[in-house]
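Chain residues, written in single-letter form:
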Amino acid sequence: MASIRELHKQLINKERSAVEIAQEALNRIQQLEPKVHSFLHVTQEAALQQARKVDAKIAAGEEIGLLAGIPIGIKDNMCTKGIPTTCASKILENFIPPYESTVTQKLADAGAVMVGKTNLDEFAMGSSCETSAYNVTSNPWDLSRVPGGSSGGSAAAVAAQECTVSLGSDTGGSIRLPASFCGIVGMKPTYGLVSRYGLVAFASSLDQIGPFSRSVEDAAILLGEIAGYDPKDSTSLKVSIPNYTESLKPDFKPRGKIRIGIIKETFGEGLDSQVEQAVTKAVDTLQELGAEIHVISCPRYRYGVPIYYIIAPSEASANLARYDGVKYGYRAEDADNLLSMYTRTRSTGFGAEVKRRIMIGTYALSAGYYDAYYLKAQKVRTLIKEDFEKAFQQVDVLACPTAPMAAFKAGEKTSDPLSMYLSDLMTIPVNLAGLPGISIPCGFNDQGIPIGLQLIGKVLREDQLFQVAYAYEQATEWHLRTPSLIS
Ligand code: GLN
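The numbering scheme is per chain: residues are counted from 1 as the chain's sequence reads. Reporting in this predicted model follows two pLDDT cut-offs: at least 70 for local features of residues, and 80 or more for side-chain atom pairs to be given and counted; totals over whole chains, interfaces and linings ignore these cut-offs and use all residues. Working from all heavy atoms in the structure, the side-chain values ignore hydrogens and water.

Asker: Any details on the overall build of the protein chain? Residues and values, ideally.
Answerer: Helix and strand assignments come from DSSP, with helices taken as H or I runs of at least 4 residues and strands as E runs of at least 2, each series counted from the N terminus. A tally of regular secondary structure across the protein chain gives 15 helices and 11 strands. For a compact globule of 487 residues, the expected C-alpha radius of gyration is about 23 Å, and the protein chain comes in at 21 Å, within 12% of that figure. Seen through its principal axes, the protein chain has C-alpha atoms that stretch 65 × 55 × 45 Å. Only protein chains enter the accessibility calculation, which uses a 1.4 Å probe; a residue whose area is less than 20% of its type maximum is buried, one above 50% is exposed, and one in between is partly exposed. For the protein chain, the residues scored as buried account for 61% of the 487 residues in total. Contacts between residues were defined by any pair of non-hydrogen atoms, one from each residue, lying within 4.5 Å. In the protein chain, 76% of the contacts between residues at least 6 apart in sequence involve partners at least 24 apart. Only the protein chains shown count as cover for residues, with accessible areas throughout obtained via the Shrake-Rupley method and a probe of 1.4 Å. As displayed, the protein chain offers around 18400 Å² of accessible surface, 51% of which is attributable to carbon and sulfur atoms. To get the radius of gyration, use the C-alpha atoms; to get the globule rule, take the number of residues to the power 0.38 and multiply by 2.2 Å.

As C-alpha cells, then:
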C-alpha cells in the first residue's frame, strides 16, 4: 500500500478512485484478518460511503486535503458515534457511543476513510495485546509472536498494510512499543497536544493519542491533522500547530547542529544484545549524518516502572469506577439487589489485568497508604522530569532503545505480570514527564523480528523528532521491508 502522498497524487490525477483505494484495504483485511486479527470491527459500509463522498468532491473539482480517501484504523478506545467502542472489554460489549471523539471527528472532516476499530489490551492495560476480551492479535512478522501493546491492533494493521495509517493511545508506551515490535513508526506527542475528548480514560495525566505509519512523513501528516487546541479537553494546550512536514530534510546540516544524547541508564543489564547492537549502529548513522552525540545520564530513569504502577492504577481505579452496569454496556443478569448487580457486573465484566490494576490503585489511594505510595510516587515523578530538564540543557533530542527486547512469543509473559511490565522500561518515563517520543525501525534481529529506536524530544518539539527520524529513515532501508505475509 502506497504512502499518503502517493495515494493523494493518484486521487487528484484520477488514476484511482477513493472507493478503489478503500476496497484495496478492505480486501487486504479480508485476506489477512483470519491470521492477524488486528480489528475488532471492520466498518466496510461506512468506509465505502466516506470514500464515495471523497470521489464526489474530486469529480466536482473541489480541492481535497492530504488525508482525504486515506484508509485508517482507529484503536477501539476512541469513541465513534453509532459504531461500537469496546476498549476490548466485556464490560463495554454493547456500548455504542452517542458522540464522536475529537480526533475521529477531525479525521472524518478531513475525508479520511476509517476502515475499522482495532484491537487492544483491555482498557489499554498491557504490553502484548493479549488481555483483550475478544481476540489475540498476532505480529505480522511472525504470527507466533505478539504485536506489542496496548495498541497492538493498530500497529499490526499498518504493518500488515490493512490500512495506510492508524491511531493508537499511549499511557506508558502503548504506541511506541507496538511500533517497535511491528517494525513501523509510532509517535506519542507532548501531553496535551492532541485532544483526549472521546478517548476512554485509563490514566488521565498520562494518556495521549498519536499516529502509526510506515513512514515518518505519514506520521507527520497525520499528527498535523489531529493536533490542536480543543475546548472539550481541559488539558488541551493552546498552541499553534506547525507544519511538521517542513522539518523533513534528509540531513541535519542545513538546519544547524543537532545534539543527540544517548541515555546511559537504558543500556547494560536486561537489554537484549541484538537490540543493543542495532541501536548502537543507529547512533553511528546519526553521527555520520552530522549529529553531535553525547552520553547523558538520567539517574532516575529506572524508577519509572515502579512509580508508574502506582500512579497509573490509581488514576485507572478512579476512571473505571463509572462502569457499574447502569450507564454503559454490559450488566450481570443474575443479581437480586443493586449492590450485587454492581459487584457481579464488575467482577465478570472486567478481565484479570484490569481488576488487578483497580485493586492496586484503590489500595494506593486509600487513606492509610496515600502518603506512602501515591504521594511518594508523585514526588519521584517530579524528579524524573527534572532529570529530563537537565538532559535537555545539554542536548536537543534523547535516544535509546524503544524496548529492552524484540517481540516475544505469545503466552511467554502472560503469567508473569512483572516481566510484562518491564517491557515498558524505556517508554514510561517519557509519559511521566509529558514529553514527545517516537519509535522508528532501526534493524532486525537474526530471526527477522524488527527492532525500534526511540527518540525523545523537548516539550512541543515534535518537529525536531520528525527531523531526526526522517534523516535516519532516509539514510537506511529498514522501513522498506515488508512481512512475508504480504503478497
Ligand atoms: N503497558 C503499559 C500498561 O500496561 C502501558 C499501557 C499504555 O500505554 N496504554 O499500563
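Asker: Account for the packing of helix α8 (residues 273-288) against helix α15 (residues 462-475), with residues named and values stated.
Answerer: What counts as an axis is a line fitted to C-alpha atoms, over the stretch in contact for a helix, and the angles between N-to-C directions run from 0 to 180 degrees. Close contact between α8 and α15 brings their axes to 10 Å; oriented N to C, the two are set at 100 degrees. Regarding the angle of α8 to α15, the classification is roughly perpendicular. On α15, the residues touching Ala282, Thr285 and Leu286 of α8 are Val468, Tyr472 and Ala475. The labels follow the angle: roughly parallel below 35 degrees, roughly antiparallel above 145, roughly perpendicular from 65 to 115, and oblique for the rest.

Asker: Please give an account of the site of the ligand that cites residues and values.
Answerer: Here a residue is considered near a molecule or strand provided that any single heavy atom belonging to it is located within 4 Å of it. Around the ligand, a shell composed of 15 residues is seen, among which Thr171, Gly172, Ser174, Tyr308 and Asp424 lie nearest. What qualifies as a polar contact is a pair of N or O atoms within 3.5 Å, subject to a donor-acceptor requirement within protein and to the restriction that residues adjacent in sequence count only when both atoms come from side chains. Take Tyr309: an N or O atom from its side chain is 3.4 Å from an oxygen atom of the ligand. Arg357 is positioned with one of its side-chain polar atoms (N or O) 2.7 Å from an oxygen atom of the ligand. About the coverage of the ligand: the protein hides 100% of its 290 Å² of free accessible area. Basically, the charged four are Asp, Glu, Lys and Arg, the nonpolar ten are Ala, Val, Leu, Ile, Met, Phe, Trp, Tyr, Cys and Pro, and anything else, Gly included, counts as polar. For the shell around the ligand, the class distribution of residues is five nonpolar, seven polar and three charged.

Asker: Tell me about the sheet that holds strand β11 (residues 450-457), and please be specific about residues and values.
Answerer: If you trace the 11 strands from one edge of the open sheet to the other, you get β1-β3-β2-β4-β6-β5-β10-β11-β9-β7-β8, paired in mixed fashion. Two strands lie at the open edges of the sheet, namely β1 (39-42) and β8 (292-296), each paired on one side alone. Pairwise comparison of adjacent strand axes, ignoring direction, gives a mean angle of 25 degrees for this sheet. We treat two strands as partners when DSSP finds at least two bridges between them. When strand β7 (residues 259-263) meets strand β9 (residues 397-401), the two strands line up parallel, connected through three bridges. Considered in β9, the bridge of Ile262 is made with Ala399. Helix-sheet contacts for helix α5 (residues 152-159) involve β1, β2 (71-75), β3 (113-118), β4 (165-169) and β6 (209-213), and the interaxial angle to β4 is about 160 degrees.

Asker: Outline the side chain of Glu130, supporting the account with residue identities and numerical values.
Answerer: As for its placement among the helices and strands, Glu130 is situated in the loop between β3 and α5. Buried charged residue Glu130 carries no salt bridge. Nearest counter-charge: Lys413, at 9.4 Å. Among the polar contacts made by the side chain of Glu130, one reaches the side chain of Ser128 at a distance of 2.6 Å. At a separation of 2.6 Å, a polar atom in the side chain of Glu130 contacts the main-chain amide nitrogen of Gly411. Contact partners of Glu130, with chain neighbours within four places excluded, come to Asp121, Val136, Val146, Phe408, Ala410, Gly411, Thr414 and Met420. Positive charges are assigned to Lys and Arg, negative charges to Asp and Glu, while His and the chain termini are left out of the count. Any Lys or Arg side-chain nitrogen found within 4 Å of a carboxyl oxygen on Asp or Glu counts as a salt bridge.

Asker: I'd like to hear about unusual backbone geometry, residue by residue, with values.
Answerer: Cis geometry is found at the peptide bond from Gly149 to Ser150, where omega equals 5 degrees. Within the fold, Ser150 resides in the loop between β3 and α5. Even without glycine at this site, Lys14 takes up a positive phi of about 60 degrees. Along the chain, Lys14 turns up in the loop between α1 (4-12) and α2 (18-36). Phi at Leu460 takes a positive value of approximately 60 degrees, unusual for a residue other than glycine. With respect to the helices and strands, the residue Leu460 is situated in the loop between β11 and α15. When its relative accessible area of 30% is taken as the criterion, Leu460 is described as partly exposed.

Asker: For the nonpolar core, give the residues involved together with the corresponding values.
Answerer: A general tendency of soluble globular proteins is for nonpolar side chains to be buried together. In terms of nonpolar packing, the biggest core is built from 142 residues, with Phe123, Leu167, Phe388, Leu455, Ile456 and Phe466 touching the most fellow members. Per-element tally for this core: the top contributor is helix α9 (residues 304-319), with eight residues. Apart from the residues within four sequence positions on either side, Phe388 is in contact with Tyr301, Leu398, Pro429, Val430, Ala433, Leu435 and Ile456. Throughout, nonpolar core names a set of buried Ala, Val, Leu, Ile, Met, Phe, Trp, Tyr and Cys residues whose side chains join them through atoms within 4.5 Å. Formed by 10 residues, the second largest nonpolar core is a distinct cluster that contains Ala403, Met405, Phe408 and Met420.

Asker: Lay out the pattern of salt bridges with the relevant residues and their values.
Answerer: Applying the stated criterion to the full structure yields 15 salt bridges. A salt bridge links Asp324 to Lys327; its shortest N-O distance comes to 3.0 Å. The exposure class assigned to Asp324 is buried, which follows from its relative accessible area of 11%. Glu353 is paired through a salt bridge with Arg357; the nearest N and O atoms lie 2.7 Å apart. You can see Glu353 and its partner Arg357 sitting in helix α11 (residues 352-365), four residues apart, about one turn around the helix.

By themselves, these are just geometric observations and shouldn't be taken as functional.
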